[in-house]
Every structure is written in structure tokens, then in C-alpha cells.
Amino acid sequence: MPTILGQNQYGKAENRVVRITRDGATHHIKDLNVSVSLSGDMDEVHYSGSNAHVLPTDTTKNTVYAFAKEHGIESAEQFGIHLARHFVTSQEPIRTARIRIEEYTWERIGTAGEDEHSFVRQGQETRLTQITYDGSSWEVVSGLKDLTVMNSTNSEFWGYVKDKYTTLPEAYDRILATEVSARWRFNWSDDEQETPDWETSYAQVKKHMLQAFAETYSLSLQQTLYQMGSRIIENRDEIDEVRFSLPNKHHFLVDLEPFGLKNDNEVYFAADRPYGLIEATVLRDGVEPRIPVDLTNL
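Residues numbered from 1 in each chain as written. Predicted model: local features only at pLDDT ≥ 70, side-chain atom pairs only at ≥ 80, totals over all residues. Heavy atoms only, no water.

With that out of the way, let us pick up the nonpolar core. Among the nonpolar cores identified, the biggest contains 53 residues, and V34, F79, I99, V180, W184, M209 and F244 are the most heavily contacted of them. Non-local contacts of V180, meaning those with residues more than four positions away in its chain, are made with L144, K145, D146, L147, V149, M209, M228, F244, S245 and L246. (Core = buried A, V, L, I, M, F, W, Y, C linked by side-chain atoms within 4.5 Å. Buried < 20%, exposed > 50% of the residue type's maximum accessible area, 1.4 Å probe, protein only. Contact = heavy atoms within 4.5 Å.)

Attention now moves to the packing of helix α2 (residues 57-70) against helix α3 (residues 76-90). The interhelical angle for the contact between α2 and α3, taken along N-to-C directions, is 130°, at an axis separation of 11 Å. When the axis of α2 is compared with that of α3, the two are oblique. Crossing angle aside, the handedness with which α2 passes α3 is right-handed. Each of T60, T63, V64, F67 and A68 in α2 lies in contact with α3, whose residues at this interface are F79, H82, L83, H86 and F87. Broken down by class, the residue content of the contact of α2 with α3 amounts to six nonpolar, four polar and no charged. (Axes fitted to C-alpha atoms, helices over the stretch in contact; angles between N-to-C directions. Helix = DSSP H or I, 4+ residues; strand = E, 2+ residues; numbered from the N terminus. Parallel < 35°, antiparallel > 145°, perpendicular 65-115°, else oblique. Left-handed = near helix turned anticlockwise from the far one by under 90°. Nonpolar A, V, L, I, M, F, W, Y, C, P; charged D, E, K, R; others polar.)

This part is about the sheet that holds strand β1 (residues 15-23). Pairing is antiparallel across the open sheet formed by eight strands, whose spatial order is β1-β2-β3-β6-β7-β8-β9-β12. In this open sheet, the two strands that pair with only one neighbour each are β1 and β12 (276-283). Mean inter-strand twist for the sheet, computed between neighbouring axes without regard to direction, equals 20°. For strand β3 (residues 94-104) and strand β6 (residues 126-133), the ladder comprises seven bridges, and the chain directions are antiparallel. When the bridges of β6 are listed, A97 appears paired with Y133. Packing of helix α4 (residues 198-215) onto the sheet brings it into contact with β2 (26-40), β6, β7 (138-151), β8 (176-186) and β9 (239-248), and relative to β7 it is tilted by some 35°. (Pairing = 2+ DSSP bridges.)

Take the environment of I29 next. Relative to the helices and strands, I29 is located in strand β2. What makes I29 partly exposed here is its relative accessible area of 25%. Separated by 79 residues in the primary sequence, I29 and R108 place their C-alpha atoms 9.8 Å from one another. Apart from residues lying up to four places away in sequence, I29 is in contact with V18, R19, I20, W106 and F119.

Most of β7 sits out of view: ten of its 14 residues are buried. The sheet contact formed by β6 and β7 spans eight bridges and is antiparallel. For T126, the partnering residue across the bridge sits in β7 and is K145. Where β6 hands over to β7, the hairpin turn is made up of four residues, of which G135 adopts a positive phi near 95°. Of the pairings in the sheet, the one linking β7 to β8 comprises nine bridges and is antiparallel in character. Across the sheet, G143 pairs through a bridge with R183, a residue of β8.

Over its 18 residues, α4 extends 26 Å from the first C-alpha to the last, a length consistent with the 26 Å expected when each residue adds 1.5 Å. Three or more residues of α4 are buried, namely W198, S201, Y202, V205, K206, H208, M209, A212 and F213. Each buried residue of α4 sits inside an arc of 165° when the element is viewed along its axis, so together they form one side. On its buried side, α4 packs onto α3, β6, β7, β8, α5 (221-235) and β9. (Expected span 1.5 Å × (residues − 1). Arc of directions from axis to C-beta.)

The next subject is the pattern of salt bridges. Scanning the entire structure with this criterion turns up 17 salt bridges. With a closest N to O distance of 3.0 Å, R85 and D191 form a salt bridge. With R85 in helix α3 and D191 in the loop between β8 and α4, this residue pair connects regions lying 106 residues apart in the sequence. Accessibility expressed as a relative area gives 30% for R85, which makes it partly exposed. (Salt bridge = Lys/Arg side-chain N within 4 Å of Asp/Glu carboxyl O.)

The general pattern is negative phi for most residues beyond glycine and trans for most peptide bonds. A cis amide bond, omega -5°, links R273 with the succeeding residue P274. Relative to the helices and strands, P274 is located in the loop between β11 (268-270) and β12. Despite not being glycine, E14 has its phi angle at roughly 55°, a positive value. Positionally, E14 belongs in the segment before β1. Despite not being glycine, D146 has its phi angle at roughly 65°, a positive value. Note that D146 resides in strand β7.

Structure below.
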């Protein structure tokens, strides 16, 4: 045979599950988009079409909904751990399970009647997690995307390399804005270790990330990125690695001189493309990087 089978996986992608927990008149919402991917002894289904080792993807979908009832959804991470453990331990041909979850956040609508069951969808960011389990060890990588932040001052950009194609003027007071995509890897890897408090960890990581962005007097977006990652590593012992992808959301001063007006850092054109894209990993000293360089599919 001139060909052989390489890496393969299968599953059910983007299972939308909303879990309502009713605590008397007070309700709580967990809104997830869950993707299941399974791999293992699957050669024969590719070579001959035999489904003897194949758990239907429809079954994986049903498992997501059943587990939302049986286990509840304490956090995206814990829910993913329940699912990954189930698929690997209940199906002999399945050697590795990868669970990817997006979480959409809702907040309560405060009303005069102290309504505890009305919510509005928050639009700041989408929370992410990826759980991978091979029957003996765990890898948990969480993160967020679409978190847009801006500093209207305390940012400069000058002293860079110039050649015959350089037209960008040096800036000593500029807007710095970006749409944060970040992933961080936990050092929890086996069941003998104490499990992190996933909800607290996420809230604290986001807090330190935003504080670093706000407090750094930036001479480059790279410098700000490093400070954001360092703040997380220094304050969260459960995290060993952070990877950022930061598009520079450029704001250019509009030339108002044709209208007889002086633009004193007041009126900007917000460009959506092209944009600078700054990406880097920040690691705890002595730790090897494991988060993929390309975050597109993570």
C-alpha cells in the first residue's frame, strides 16, 4: 500500500448547551459551546469502513446534554474534565479526548422588584478552555478572545528602524488599543494534585491582565504584552505559561488642516485593517512552552 493513515480524530463540534440552576427564586446561567474530539484505535474505520470502534458523534452530543443535568456546570473547565474522563475511561478504543469550550457570560438585570431571573448577555469577551486527557495525564489550557481594550494616552512609538519605505511618523503620545486573544496553561496535570478553583482563577487572570495593560506606560505593544503575561505568572501560582495574540488597533490622527483646524490629539481615524499583529509567549522560569504558536484553532 503506497499510503498510510496519519493523525486522525473525530467528534461532534459546537454543541450549544444552556444550564439553568434554580436556587429558589434566584437563577444562575451557564451558557457553553462544547466541541468534543476523540482519537485512538481508529485505523480500521478509515481503511475498511468498519465502525466497530466508533462511538457515534451523535452519542457524544447526547453525553454533553446528559452531563449538564447529571454533573451540572460548575465551571467550563470542570465540565470539560468530566466529559474527557468519561470518553477515555468508558470506551476502550478511545485513547485521548480533547474538549474545547467557549463560555458566554450573562449578568443580572437589576430591577425595582429585585428580579433574580432576568439577564443580559455580557459582550466584553468570550471565555475559552481546552481539556485534553489521555487516560493518565491532563492538560488544561484556558483563555479568552475578543476582549477589546484601549489606553487613550501613556503610549509612545519611536526610535524604530527606518528605511526608504518608512513613512510612519514617530509618536510620543498615541492611542494604544488591541483586541486581546490569550491562552494560559495550568500546571495541574494529574488527579493526585489539588484542582485549581477554575472560576476564581479566570477572574483573577483577567483582573491582572487588565491592570497591567492600564498601568504600563507603553513604548511598544510588545512591552505591554510582556507586562500583562508577567503579571499573571507572578500572581497566579497555578499558571506556568501565557500566550497572547494582540492585533494593534491603529488610531491615526486625522489631518484637519485643510479645514483650517488644528488637531491636538483629539480626532482619530480608527483603522480596521491592515493591522500590526503582536504575538508572544510568557513563561515561568524553567518551564518549557507547550501552547501552540498558532492560536487559530485553540
